[in-house]
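# Coordinate inspection notes
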Amino acid sequence: MLFLPRRWTRDQPLSSATSSVRKWLTSRRHSLWILLILLVVSVAIQTFVVRQTRNDRLTGLPRLRFSVFKQKLLPTQQSALVVLKSESSLAVQQDTTYTERTAGRNHQNEEYEKPSDDSLSGGRNEFNHGDTRSREEARKVLPNPENKASAALQGSLVLRSTRTGLSPGTDRKLVNIPLATCQPKSHIVFLKTHKTASSTILNILYRYGESRNLTFALPLNKHSQLFYPYHFAPYFVEGYSSRSVREFHIMCNHMRFNKAEVAKVMPEDTFYFSILRHPVDMMESIFIYFKSIAAFHQAPSLNEFLDNSEKYYNSSAVNSHYAHNVLAFDFGFENNIVAGNADIEKRVNKAIAAIEKNFHLILISEYFDESMILLKHALCWSLSDVVSFRLNSRSERTRHTLSANTAEKIKRWNALDWRIYLHFNTTFWQNVDALIGQEKMKTEVSELRKLQARMANTCLKDGGAVHPSQVKDTRLKPFQYGAAVIQGYNLKTDLDPQTKTKCQRLITPELQYTDLLYTKQFPLLAAKHSQAKKKAAPQRQRLETSAKTEKRTNRLSNSKH
Ligand SMILES: Nc1ncnc2c1ncn2[C@@H]1O[C@H](COP(=O)(O)OS(=O)(=O)O)[C@@H](OP(=O)(O)O)[C@H]1O
């Protein structure tokens, strides 16, 4: 384009300066130089544009298209994501289009389902106390406290691997900087796994962020989850596609993890962490809580489910992931594998390597307080930042322990989860040794417990959790689901306004707190959502009534035949 036609340059009357330019331009060697320079300049421009786009993704956040993802959805699941089509058009198809759990979670004032004890166990003798066994078993996989190998890690915390044939994941390090000099971290991703005490951690993160005006990567259209069980995609986050949020600080709602996609939403220096629970206790909790899913619905007991999984479990049924290696599933992996499968070692190693690569810290539910101390150090937070009350816990009536025999069956059925748990239970204690040491850990845990006891004394009316039917303030009632009875709290009545707000936040259940933050962060959208919900209420009520009538009629006609 810059080359002048030879004929044109030859015919023009030129001064000596322009004539030498002409000669230079028409020389073949110089033409090649010009070409080369042009090439270099265009490559530089392209690199600049690509970088700029990437920066935009992390901060300014460009628009993503929905249509690509829609094709991947299963027919039964498609409707759940219809609402995603337009973020700002507010296609509020409340309740009826959600996945089972999400739908349930939007019916706050549901009747509590009272479980029949037999339906839970297939024999009450099977159960005794859970937490103790699982803590003891967890202890069995601790490193020898005399083991000085971890001393070599002083100064930096390296997540060590006990996997076969793989080197330790050294790419993820936590620097052991004294609390006095370190900078508190506020770019955080918490992968909220299921039935692992994750709601208690979510509450900690919500309080930390709210009190510092941080921005949360909340689910689009006021949903309570980041469209779990679909693999995470950036457009699941409110404010991402519309670019209405410049920077997200914290992402912590349930999602199926996908690092590459999460990284598009969160800043580069984000701290990633998650929590695991002993798969035996976890499955016992899940079996009760998700009793209504297809896999568990017909099973008279967990033991019976495990003995006849081929009868009850269909991997393609909706919500079946809750019934099989759900930890692995939440981390984004394929979950359908059992012990003895030829691929198990490969799959275990792959999963552990990926978690080590993508997460800075993995906590253990059985050691919740120790986990909070570790987290506090890793994030450079203070002790009061990690104070919490136990949330989302079942009443004793629906809490059970399984026999050793059933426990072994769970470990085989959830072999992938079991191996992941064993690995990270080990690295957890290596991290404790490396970052703070066992002695300091004991001291700090005891300080944390004292602080928690003081807070409970200040805030709680009944000293602890109560049956949901006894929760006085209905706005603070925890969501009830399946065959579980989830406990709540009552506050003391004579609290001054500031203390009251602080105490209230400590006991606010996940759904209500998510709503509250959404309304703070997106007041206009929240107002439109509640208007749309009000409008849809009578129609929903009609649908519910006719569904109930139809169910009753069917039951009657079935009993006649
Ligand atoms: N602080 C602390 N320490 C130990 N365990 C705790 C803690 N907080 C909550 N829990 C227990 O975690 C279970 C609820 O987990 P989640 O909140 O992750 O459940 S959910 O997936 O969000 O529904 C639930 O377990 P189960 O009671 O066995 O169901 C809670 O009792």
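Remember, predicted model here, so these are calculated numbers, not experimental data.

### A word on the overall build of the protein
When helices and strands are counted, the protein shows 23 helices and six strands. For the protein, buried positions account for 52% of its 561 residues. Partitioning the contacts of the protein with sequence separation of at least 6, the portion at a separation of at least 24 is 75%. With the model as given, the accessible surface of the protein reaches about 27800 Å², and the carbon-plus-sulfur share is 54%.

### What to know about empty space enclosed by the protein
Taken as a whole and judged by the stated rule, the model has five cavities of 30 Å³ or more. Asn392, Pro478, Phe479, Pro509 and Glu510 are, among the 17 residues lining the largest cavity, the residues nearest its centre. Tallying contributions element by element places helix α22 (residues 510–521) first for the lining of the largest cavity, with three residues. Across the lining of the largest cavity, the residue classes tally to nine nonpolar, six polar and two charged.

### Let's talk about a nonpolar patch on the surface
A surface patch of nonpolar side chains, amounting to about 520 Å² of accessible area, comprises Trp33, Leu36, Leu39, Val40 and Val43. Inspection of the secondary structure assignment puts leucine 39 in helix α3 (residues 28–60).

### Considerations on unusual backbone geometry
Peptide bonds are trans in most cases, and residues, glycine excluded, mostly fall at negative phi. Proline 229 follows tyrosine 228 through a cis peptide bond whose omega is 10°. Here proline 229 shows up in the loop between α9 (198–211) and β4 (250–251). The backbone of lysine 195 sits at a positive phi, close to 60°, despite the residue not being glycine. Within the secondary structure, lysine 195 is located in the loop between β3 (188–191) and α9. With phi around 55°, asparagine 213 is a residue other than glycine that occupies positive phi space. Within the fold, asparagine 213 resides in the loop between α9 and β4.

### Observations regarding the state of the cysteines
One pass over the full model with this rule turns up two disulfides. Disulfide pairing places cysteine 182 opposite cysteine 380 at an S-S distance of 1.9 Å. Taking the sign of the torsion about the S-S bond as the criterion, the disulfide between cysteine 182 and cysteine 380, at about 90°, is right-handed. Taken together, the positions of cysteine 182 in the loop between β2 (169–175) and β3 and cysteine 380 in the loop between α17 (368–379) and α18 (404–413) put the pair 198 residues apart, joining distant regions of the chain.

### So, the confidence of the model for the protein
Across the protein, the average pLDDT comes to 77, with 69% of residues at 70 or higher. Every residue in residues 49–133 is under pLDDT 50, and counting partners more than four places away or in other chains gives 180 contacts. Low pLDDT, under 50, characterises residues 139–171; the stretch is placed with 68 contacts to residues that sit more than four places away or in other chains. Reported confidence for the predicted complex is 0.99 by ipTM and 0.73 by pTM.

### Here's the deal with the side chain of serine 395
Structurally, serine 395 can be placed in the loop between α17 and α18. Every residue in contact with serine 395, bar those within four places of it in the chain, is listed here: Val485 and Gln487.

### Things to note about the packing of α17 against helix α19 (residues 415–435)
α19 packs onto α17 with a crossing angle of 50° between their chain directions and a minimal axis gap of 11 Å. Considering the angle they form, α17 stands oblique to α19. Crossing hand, α17 versus α19: left-handed. For the pair α17 and α19, contact is made by Glu370, Ser371, Leu374, His377 and Ala378 and by Phe428, Trp429, Asn431, Val432 and Leu435, respectively. Partitioning the contact of α17 with α19 into residue classes produces six nonpolar, three polar and one charged.

### Looking at α19
Each full turn of the α-helix corresponds to 3.6 residues, which orients residues three or four apart in the same direction. Over its 21 residues, α19 runs 30 Å from end to end, which matches the ideal 30 Å to within 8%, given 1.5 Å per residue. Judged by how many residues are buried, α19 sits mostly within the fold: 19 of 21 residues are covered. In the segment just after α19, glycine 437 is the residue with positive phi, at about 90°.

### A word on the site of the ligand
Residues in contact with the ligand amount to 23 residues; listed here are only the nearest, Lys192, Ser198, Ser199, Ser285 and Arg394. Measuring from an oxygen atom of the ligand, one finds a side-chain N or O atom of lysine 192 at 2.7 Å. Serine 285 is positioned such that a nitrogen or oxygen atom in its side chain is 2.7 Å from an oxygen atom of the ligand. For the ligand, whose free accessible area comes to 650 Å², the fraction covered by protein is 95%. At the level of elements, α6 (100–105) and α9 are the ones that each hand at least two residues to the shell around the ligand.

### Let's talk about the pairing of strand β6 (residues 361–364)
The side-chain alternation of β6 yields two buried faces, one formed by Leu361 and Leu363 and the other by Ile362 and Ile364. Both strand β5 (residues 271–276) and β6 contribute to a ladder of four bridges, which runs parallel. Within β6, the residue paired with phenylalanine 273 across the bridge is leucine 361.

### So, the sheet that holds β4
Strand order in the open sheet made by the four strands is β4-β3-β5-β6, with parallel pairing throughout. The open sheet has two edge strands with one neighbour each: β4 and β6. Those strands touched by α9 are β3, β4, β5 and β6, and its axis lies near 160° from that of β3. In the packing of α17 onto the sheet, contacts are made with β3, β5 and β6, and the angle to β6 comes to roughly 160°.

### What about the nonpolar core?
One finds Met251, Phe273, Phe296, Phe305 and Leu363 to be the most contacted residues of the largest nonpolar core, which totals 131 residues. Top element by residues in this core is α19. It accounts for ten residues. The residues touching methionine 251, leaving out its near neighbours within four places in the chain, are Ile188, Val189, Phe190, Ala217, Leu226, Phe232, Val237, Val262, Val265 and Met266.

### So, the packing of aromatic side chains
Counted according to the given criterion, the structure contains 29 aromatic pairs. Both rings, one in tyrosine 313 and one in tryptophan 413, keep their centres 5.2 Å apart while their planes meet at 85°; by these two values the pair is edge-to-face. Linking tyrosine 313 in the loop between α14 (309–312) and α15 (326–330) with tryptophan 413 in helix α18, this pair joins segments that are 100 residues apart in sequence. Above the ring of phenylalanine 329, the side-chain terminus of arginine 256 is found at 3.6 Å from the ring centroid. For the cation-ring pair, lysine 259 lies above tyrosine 272, with the distance from its terminal atom to the ring centre recorded as 4.6 Å.

Analysis parameters
Residues numbered from 1 in each chain as written. Predicted model: local features only at pLDDT ≥ 70, side-chain atom pairs only at ≥ 80, totals over all residues. Heavy atoms only, no water. Helix = DSSP H or I, 4+ residues; strand = E, 2+ residues; numbered from the N terminus. Buried < 20%, exposed > 50% of the residue type's maximum accessible area, 1.4 Å probe, protein only. Contact = heavy atoms within 4.5 Å. Areas by Shrake-Rupley, 256 points an atom, 1.4 Å probe, with all protein chains shown as cover. 1 Å grid on protein atoms, 1.4 Å probe; cavity = no way out; pocket = protein on both sides within 12 Å on 5 of 7 lines; lining within 4 Å. Points joined across faces, edges and corners; volume = space filled by probe spheres on them. Nonpolar A, V, L, I, M, F, W, Y, C, P; charged D, E, K, R; others polar. Patch = residues over 30% accessible without salt bridge, like charges linked within 9 Å, V, L, I, M, F, W, Y side chains within 5 Å. Salt bridge = Lys/Arg side-chain N within 4 Å of Asp/Glu carboxyl O. Disulfide = S-S within 2.5 Å. pLDDT = per-residue confidence, 0-100. Axes fitted to C-alpha atoms, helices over the stretch in contact; angles between N-to-C directions. Parallel < 35°, antiparallel > 145°, perpendicular 65-115°, else oblique. Left-handed = near helix turned anticlockwise from the far one by under 90°. Expected span 1.5 Å × (residues − 1). Near = heavy atom within 4 Å. Polar contact = N/O pair within 3.5 Å; in protein donor to acceptor, adjacent residues only side chain to side chain. Pairing = 2+ DSSP bridges. Core = buried A, V, L, I, M, F, W, Y, C linked by side-chain atoms within 4.5 Å. Phe/Tyr/Trp six-rings, centres within 6.5 Å; stacked < 30°, edge-to-face > 60°. Lys NZ or Arg CZ within 6 Å of the ring centre and 35° of its normal.

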